[in-house]
Each structure stands twice: as structure tokens, then as C-alpha cells.
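So you can see what is in the structure, the chains are spelled out below.
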Amino acid sequence: MMLKFSFSDLWIPSALVMVAVPIYKLTKSSQKDTQELLSKAQSKREQVRVSIEMTANWEVPSEEAQSLVLNSDMSTVHSLVIQKKVTGREVFLTSMKKLREEGLDWVSDIDPSIVPLNTGDLAGALVGVQDSVSVKGMTSSFGAGVFAYNVQHKDAPLIKVMRESGAVLLLKTPSPQCDRSFEFANNISGNIPNSEFPDKVGSEGELLRKGCLNLIVSTDVLGTLRYSALASRVLSFKPSSKRISSDLGSASQDLPLLKKNIGVLAKSVNDIRKWAEVVISQPLFEADPKIVPLAWNNEVYSSQTPMTVGYFESEEFWEVSESMKRAVKQAVQKLQSKGHKVVPIQMPSLEQVSKVILSLIAFDSQPESRLGKEQYLGYFTQLTSALKTNKLVRYFKKKYTQWKSGTKELLPYEVASRSQCYEYLLNMIEGINFKQSFYELWNTNELDALIAPFPFPVLKQGASRDSYLGFGYLSVFNLLDCCVGSSLCGDVTEEFENIGLGTAVQVVTLPYQEEQCLKLMAQLS
């Protein structure tokens, strides 16, 4: 039997080939672009490592000088430099030696050519600056390989004032990829290790704990600065956005209602106070006219007048861990012993806060556009995963999540689907209404300050993406633009999987009340 054959029978395989070939070429091109970006990021990290290793032949300070520098906080080192017991050069060389010994090659950039000063209100201060804050002559990569060699040509206003005050701006610390992760990793720096607990999240605060720096200037987008401090057992301080310049000096932009505040990590409250006293002054007001020219008031900081302090231990939407509840109780007892009036309060709904904040973030496409085709790390939040998922696939993931985990975990998928202008405006209105209800609560209780919990101790690497809603305990105070610091409260003792980790509380005051916040932090420390 003869089979009839016609060229028209080839149209189906021909059509498949016509579709498959462009898709294949596009996929190969995308893979090539991704690999080039990854190679660029790795090349930058190698450059930093070589810069650190090249200092191995430099002179070594005396054992006495090294001991004085490594065992002192920033304020003490400053006094030693002014008194000429050590020089700025010896402080700098001690730091470089420590960097080599510890193998901390995950920093984003470094300037070993700087000449330390022996004069100025911040002389002897070895400072690290987070990647997204502009430092003249150093890169700002925003955690993206495409910007690995994005050298900045001017200082951010705050950095300019610190440089003129004698601070040594030694290196840049990493930004989380996309500025949205609570795990401090990107393809340039890799994953920052936790030196005490290798399976837990590490942070830039390791540079303080190791003695390589005595101050870090960093951003606090959603509470990342406070979480970084908790991970490394150091202190953090985030001023309100109009008291200290939040101008990063780079291409990074604010979100409406969510300012990218600049704050600091330090080993002592005294170091933070010294920094605030220097920078909240006329030179900064001139460098950034957008901030309120309200100079640091040492009389308020030194005042012994008792305060009314509110507190809360948890909120039903996300239950705080027992160790962090205990930290709040310890802080309350200590403040009562100091003569302060302490009153319990009921915070407005954390669920409402989470919806508002996640929705505002979902409308911001800048971080993803920076990364382009770069390889994404596995540390992203559920929100980022939802945003990067095809709408049809997102629908089925939402249904599966609802069936498996319940309604709380659905929130990232719900906000990821919001894309209309009116939805954006509704989120803005909800955020403003929340701020109004919070300030009414504050005024009704006649509060001077607030003690708030951390949601949990430091998480395992990769776990933050499943606990993003819990971070609402931190980001709520970014939405409110409050002044907020973190104060350490001992170690975890009752949770088996977290025994030995540090606990802390948040110390919150209204905007422009930085002196009050630091005063309470000092009393808790």
C-alpha cells in the first residue's frame, strides 16, 4: 500500500521549529548575560580581596597600640588619638591587620590609600559605610553585578560632614540584593557568615564585633539595621528622616511613607551619642538644607527627669517568641528601677501594617530593574518571589498556599497582584490612617517613649523569606518615621534551637526626639 505524501504535511513541524529556535536563542542569550553579570560581580570581590592582601607588607603597630585600639570603643580611641597616645595611622594599620587575619573579604569596596587624620571631632573613628550610601571614590553597587564598578564622584551629605570631622572612611559594607532581604548577601560579596553560629544569618556588624571598625553607617529600609545589630550583638540607632540627612547621594530613591533612613551600628551607646553630637549640627544643616536645623541638645540627653514609657510584648497576628517577650519584661523592670513610669499599651493591628508596607514595596520596581538578568539568590522574601512569578502560575501558587498554610501566608500573593493607580493611593491612605491612630494612642497615654519587641531571635540562613510578615514589628517604625534604637538584653535560655543567641528590644521615640531615645538606650545598657 502506497502512502501519499505532501509538502503541506510539513507545516506543523515547521511551525514548531520557527517557534522553538527563537526561544532557544533567547534563552541562550539570557544565560550568557546572566553569566557575564556574575563574572563581573566575582571580579569585583577578587579585586577587594587583593587590595586587602596587598597591605600584608605594611608596617605593624606596636602590641601596646594594637591592644589599646582593639579593646576600646570609638570614643576612647578618639581620646587616645587626641592625647597622642596612638596615632590615626596606628588605628588604621591595626584595622587592616585585623581584616587580613579574619579573612573578611566580603566587604563591597575598600580604600587602603586613605591618610588618617589626628585632628577633628571624629579623629580615630574607623568607619564602614553601607554600599548604597555614596562615598567619593568608592563604588555603590546596590548589591547588583551590573553596578559592581559604579564609582561615586561625591560624598552623601552625612558622609561629607563625617569626613571633615576626621573620620576614616575605610570600606563599604554589602547591601542585601534588591534592598529587600533580611539576609545580607549578594553576588558580589557572597553571604556574610555569622562567626558564632554558622547556620544563622550574619551581618555587617561582624566588622564591629571583630574589631575591624568602631562605627558603621548604614541604611534602615524596613528595619534591616536593627536586625543586623541583633545578628552581631551590637547596638543600632535609626534617627528620624528629617533630623539626620537621609540623602544617600546615589541613585537609590525613597518609597512614599517608607524613608531609606541612614543610621549607625556601634559597640556602645556612648559611641552613638558622640556620632550624633558631631553630625546633628550646623555643617550637616548646610550640606542638606532639606533637614530640620535642630541641633543636638546635650541637656535633654543628660536630663534625669522620669519618663512615661509604654510597652507591648506581642500582637496576635504574629506571636513574638518567648525569649523576646522576656527581653521586654527585663527592659520594663530595669526602667521601673530607674524611676520611670511604665504602662502597657495595645498596638494598632500589625496585620494592617504588613498589608500597607508590602503593598507599597510591591509598587517599587527599581530594585528588580537594577538586577536585570542577574542570578537571583535564594534569600528573597515571599513577596519578591510572588512579584517575579507569572500571573497564571501565581494564581495556582496562591491556591496551594491557602490549602497548605492558611490565610496569613496569602498576603504576599494578594499584594503582588495590585497594580492599579487607585490601589496605590488606597495603600497610601491606609498608611496615613495607621500613623494617625498610632499618634492618637501615643498622646492618649501621654508617652515619652515605647519599648517594642523583636519578633524572634536571629533566624537560620534562608528562613527569613518565610518569616517576612514577622518583620512588621521592625518596619512599622519606618512607616511611622520614629526614632528607634536597639538595646541588647542577654541571651536566649528557654528555646532549645536558639539557646545562646542574643535578645534585644527596640527603644522608640517620636521624630526629633533622638536625645530621649539614646538616653533610654544608655539606661538599658
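Residues numbered from 1 in each chain as written. Predicted model: local features only at pLDDT ≥ 70, side-chain atom pairs only at ≥ 80, totals over all residues. Heavy atoms only, no water.

### Some remarks on the overall build of the protein
Within the protein, the secondary structure is distributed over 19 helices and 13 strands. The 525 residues of the protein split such that 56% are buried. Long-range contacts, defined as pairs at least 24 residues apart, comprise 78% of the intrachain contacts of the protein with a sequence gap of at least 6. (Helix = DSSP H or I, 4+ residues; strand = E, 2+ residues; numbered from the N terminus. Buried < 20%, exposed > 50% of the residue type's maximum accessible area, 1.4 Å probe, protein only. Contact = heavy atoms within 4.5 Å.)

### Some words on helix 5 (residues 157-164)
Spacing of three or four residues puts side chains on the same side of an α-helix, whose turn is 3.6 residues. Taken as a whole, helix 5 has its buried residues at Pro157, Leu158, Ile159, Val161 and Met162. In this structure, the buried side of helix 5 is in contact with strand 2 (126-130), strand 3 (168-173), strand 6 (215-220), strand 8 (261-266), helix 8 (269-279) and helix 9 (282-287). A positive backbone phi angle near 100° is found at glycine 166, which sits one or two residues after helix 5.

### Quick notes on the pairing of strand 3
When a strand is regular, its side chains alternate between the sheet's two faces. Within strand 3, six of the six residues are buried, which leaves the element mostly enclosed by the surrounding structure. Taken together, the two bridges between strand 1 (residues 109-110) and strand 3 define a ladder with antiparallel strand orientation. In the strand pairing of strand 3, isoleucine 110 is matched with leucine 171. With five bridges connecting them, strand 2 and strand 3 associate as parallel partners. (Pairing = 2+ DSSP bridges.)

### Description of the pattern of salt bridges
Think of it this way: side chains of opposite charge can pair up when their charged atoms draw near. Scanning the model with the defined rule gives 19 salt bridges in all. When the shortest N-O distance is used, the salt bridge between glutamate 196 and arginine 233 registers 2.8 Å. Here arginine 233 lies in the loop between helix 7 (224-232) and strand 7 (235-238) and glutamate 196 lies in the loop between strand 5 (190-191) and helix 6 (206-209), a separation of 37 residues in the sequence. With a closest N to O distance of 2.8 Å, arginine 273 and glutamate 277 form a salt bridge. A residue pair is termed a helical-turn pair when its members lie 3 or 4 positions apart in one helix, as arginine 273 and glutamate 277 do in helix 8 at four residues. By relative accessible area, arginine 273 is classed as buried at 15%. Through salt bridges with shared partners, one network takes in Glu196, Glu206, Arg209 and Arg233. (Salt bridge = Lys/Arg side-chain N within 4 Å of Asp/Glu carboxyl O.)

### Quick notes on the packing of helix 2 (residues 63-70) against helix 4 (residues 88-102)
Their axes nearest at 10 Å, the elements helix 2 and helix 4 cross at an angle of 80°. Comparing their axes, helix 4 and helix 2 come out roughly perpendicular. Of helix 4, the residues touching helix 2 (which contributes Ala65, Gln66, Val69 and Leu70) are Glu90, Val91, Thr94, Lys97 and Lys98. Looking at side-chain class alone, the contact of helix 2 with helix 4 contains four nonpolar, two polar and three charged residues. (Axes fitted to C-alpha atoms, helices over the stretch in contact; angles between N-to-C directions. Parallel < 35°, antiparallel > 145°, perpendicular 65-115°, else oblique. Nonpolar A, V, L, I, M, F, W, Y, C, P; charged D, E, K, R; others polar.)

### Let's talk about the nonpolar core
Counting 82 residues, the largest nonpolar core has Leu99, Leu170, Leu207, Tyr227 and Leu450 as its most contacted members. The element contributing the most residues to this core is helix 12 (residues 350-362), with seven residues. In terms of nonpolar packing, the next biggest core, distinct from the first, is built from 56 residues, Val129, Leu169, Met307 and Val507 among them. (Core = buried A, V, L, I, M, F, W, Y, C linked by side-chain atoms within 4.5 Å.)

### Concerning the packing of helix 3 (residues 74-82) against helix 8
Taken N-terminus to C-terminus, the directions of helix 3 and helix 8 make an angle of 65°; their axes are 7 Å apart at the nearest point. Contacts between helix 3 and helix 8 involve Met74, Ser75 and His78 from the former and Asn270, Asp271, Lys274 and Trp275 from the latter. Each residue belonging to the contact of helix 3 with helix 8 can be placed in one class, and the counts come to two nonpolar, three polar and two charged.

### Examining the packing of aromatic side chains
Following the criterion strictly, the structure yields eleven aromatic pairs and no others. For the pair tryptophan 296 and tyrosine 301, a centre-to-centre distance of 5.8 Å together with 45° between the ring planes defines the contact as tilted. Accessibility assignment for this pair places tryptophan 296 and tyrosine 301 in one class, buried. Centre to centre, the rings of phenylalanine 312 and tyrosine 473 are 6.3 Å apart; their planes meet at 20°, and the pair counts as stacked. Of the two residues, phenylalanine 312 is situated in the loop between strand 9 (308-311) and helix 11 (322-337) and tyrosine 473 in helix 18 (residues 472-479); the sequence distance between them amounts to 161 residues. (Phe/Tyr/Trp six-rings, centres within 6.5 Å; stacked < 30°, edge-to-face > 60°.)

### Quick word on helix 19 (residues 514-524)
Burial runs high along helix 19: ten of the eleven residues are buried. By the burial criterion, the buried members of helix 19 are Glu514, Glu515, Gln516, Cys517, Leu518, Lys519, Leu520, Met521, Gln523 and Leu524.

### Structural notes on the environment of isoleucine 114
If you trace the backbone, isoleucine 114 turns up in the loop between strand 1 and strand 2. Here isoleucine 114 falls in the buried class, since its relative accessible area comes to 14%. Between the alpha carbons of isoleucine 114 and arginine 89 there is a distance of 9.7 Å; along the sequence they are 25 residues apart. Setting aside chain neighbours within four positions, we find isoleucine 114 in contact with Phe92, Val168, Leu169 and Leu170.

### Observations regarding the side chain of glutamine 523
Topologically, glutamine 523 is positioned in helix 19. In this structure glutamine 523 comes out as buried when scored by relative accessible area, which is 17%. A polar contact is formed between the side chain of glutamine 523 and the side chain of histidine 340, at a distance of 2.6 Å. Discounting residues that sit within four places of it in the chain, glutamine 523 has contacts with Lys334, Leu335, Lys338 and His340. (Polar contact = N/O pair within 3.5 Å; in protein donor to acceptor, adjacent residues only side chain to side chain.)

### What about the state of the cysteines?
Counting across every chain of the model gives zero disulfides. The thiol of cysteine 482 is not disulfide-bonded; the next cysteine sulfur, from cysteine 483, is found 8.4 Å away. By relative accessible area, cysteine 482 is classed as buried at 0%. (Disulfide = S-S within 2.5 Å.)

### Looking at the sheet that holds strand 11 (residues 449-453)
Taking strand neighbours across the sheet as the criterion, the eleven strands line up as 1-3-2-6-8-7-12-13-11-9-10 in an open arrangement whose pairing is mixed. Because the sheet does not close on itself, it has two edges, and the strands there are strand 1 and strand 10 (341-344). Bridge count for strand 11 against strand 13 (residues 502-509) is four bridges, and the pairing is antiparallel. Residue pairing for strand 13: isoleucine 451 is matched across the bridge by valine 507. Together, strand 2, strand 3, strand 6 and strand 8 form the strand contacts of helix 5, whose direction differs from that of strand 6 by roughly 170°. Strand contacts of helix 18: strand 6, strand 7, strand 8, strand 11, strand 12 (483-491) and strand 13, with the helix running at about 20° to strand 13, the strand carrying the most contacts.

### As for unusual backbone geometry
Unlike most non-glycine residues, aspartate 481 shows phi in positive territory, near 55°. On the secondary structure map, aspartate 481 appears in the loop between helix 18 and strand 12.

### A short note on the environment of leucine 360
With respect to the element layout, leucine 360 can be found in helix 12. According to the relative accessible area criterion, leucine 360 is buried, its value standing at 2%. Sequence spacing of leucine 360 and glycine 431 is 71 residues, and the spatial spacing of their C-alpha atoms is 9.4 Å.

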